[in-house]
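Architecture at a glance
Listed below, chain by chain, are the residues.
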Amino acid sequence: MFKKKLNNVAAVMDLKAGKHLVAPAINNISCTHNRFAGHFFHQIGPFDVLQALFIVLLTFLVISANLMVILVINSRRYAAYIHPQPRYLLTSLALNDLAIGLLIIPFSALPALLHCWPYGEIFCQIQALLRGALSQQSAVILVCMAVDRYLCVLHPRIYHKRSSKKG
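Residues numbered from 1 in each chain as written. Predicted model: local features only at pLDDT ≥ 70, side-chain atom pairs only at ≥ 80, totals over all residues. Heavy atoms only, no water.

1. Here's the deal with the environment of Asn96
Within the element layout of this structure, Asn96 appears in helix H4 (residues 84-103). Exposure remark for Asn96: the relative accessible area of 2% places this residue in the buried category. Spatially, the C-alpha atom of Asn96 lies 6.6 Å from that of Leu134, the residues being 38 residues apart in sequence. Setting aside chain neighbours within four positions, we find Asn96 in contact with Leu134, Gln137, Ser138 and Ile141. (Helix = DSSP H or I, 4+ residues; strand = E, 2+ residues; numbered from the N terminus. Buried < 20%, exposed > 50% of the residue type's maximum accessible area, 1.4 Å probe, protein only. Contact = heavy atoms within 4.5 Å.)

Set out below in structure tokens:
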């Protein structure tokens, strides 16, 4: 009995050894559904328009605020007051948020308005990848900032001695 189970496991392992992992096929038919066949502008309500306008406003706010942070932190006037390591980390966090404002947020206005995904399957997968990757990158940058501040507060002599542009 035990040997039979081992043989079954070996057979399953052999079957899986020759195959590659493949993402499941996604059929994006949300905007080609029958309810969108004719006029879908009559299905757009005032709340949908308000939500889309809010997304557009949010896009401009995210882009302008992060550009301002990047320019101010890296200007010659304020660079002397901020240590290089926190400045690099803040700049990378602002660049990451700027990428979110340029690559993710603007493309959510039309789906909020139409209640479907009009961009297609490949762009859907790219958006999902970008959302996950950029949020993970933000988390990693925040952890690095926390470690940097921890070392600066608890070990200031070692921190300032070892932290430089090369370090």
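Let us keep going from here.
2. Details of the packing of helix H2 (residues 46-73) against H4
Packing of H2 against H4 brings their axes to within 9 Å, and their N-to-C directions diverge by 160°. If you check the angle between H2 and H4, you find them roughly antiparallel. You can see that H2 and H4 cross each other, and the crossing is left-handed. Along its contact with H2, which presents Thr59, Val62, Ile63, Asn66, Leu67, Val69, Ile70 and Ile73, the element H4 presents Arg87, Leu90, Thr91, Ala94, Leu95, Asp97, Leu98, Gly101 and Leu102. (Axes fitted to C-alpha atoms, helices over the stretch in contact; angles between N-to-C directions. Parallel < 35°, antiparallel > 145°, perpendicular 65-115°, else oblique. Left-handed = near helix turned anticlockwise from the far one by under 90°.)

3. What to know about the UniProt feature "transmembrane region" (unreviewed entry) in the chain
Within this structure's numbering, the places UniProt gives as "transmembrane region" (unreviewed entry) are residues 49-73 and 94-114. Spanning residues 49-73, this segment combines 100% helix with 0% strand, and its end C-alpha atoms are found 36 Å apart. The span residues 94-114 is 76% helical and 0% strand by assignment, and the distance between its end C-alpha atoms comes to 31 Å. (UniProt positions renumbered as here; feature names shortened; annotations may be inferred.)

4. Focus: the confidence of the model for the chain
In this model, the chain carries a mean pLDDT of 81, and residues with pLDDT of at least 70 account for 73%. In this model residues 1-14 is a low-confidence stretch, pLDDT under 50, and it forms zero contacts with partners more than four residues away in sequence or in other chains. (pLDDT = per-residue confidence, 0-100.)

5. Observations regarding H2
Its 28 residues place the ends of H2 40 Å apart at the C-alpha level, agreeing with the 40 Å of an ideal helix rising 1.5 Å per residue. Of the positions making up H2, those classed as buried are Asp48, Ala52, Ile55, Thr59, Val62, Ile63, Asn66, Ile70 and Ile73. Tucked inside the fold, the buried residues of H2 contact helix H3 (76-79), H4 and helix H5 (109-114). (Expected span 1.5 Å × (residues − 1).)

6. A word on a nonpolar patch on the surface
Together, Val143, Val147, Tyr150, Leu151, Val153 and Leu154 give the surface a local cluster of nonpolar side chains, amounting to about 580 Å² of exposed area. Topologically, Leu151 is positioned in helix H6 (residues 121-154). (Patch = residues over 30% accessible without salt bridge, like charges linked within 9 Å, V, L, I, M, F, W, Y side chains within 5 Å. Areas by Shrake-Rupley, 256 points an atom, 1.4 Å probe, with all protein chains shown as cover. Salt bridge = Lys/Arg side-chain N within 4 Å of Asp/Glu carboxyl O.)

7. Thoughts on the packing of aromatic side chains
Enumeration according to the criterion identifies five aromatic pairs in this entry. Ring plane angle 75° and centroid distance 5.0 Å describe the contact between Phe107 and Phe123, whose orientation is recorded as edge-to-face. You can see Phe107 sitting in the loop between H4 and H5 and its partner Phe123 sitting in helix H6, a full 16 residues away along the chain. Overall, Phe107 belongs to the partly exposed group, its relative accessible area being 28%. Taking the relative accessible area as the measure of exposure, Phe123 reaches 24% and is therefore partly exposed. (Phe/Tyr/Trp six-rings, centres within 6.5 Å; stacked < 30°, edge-to-face > 60°.)

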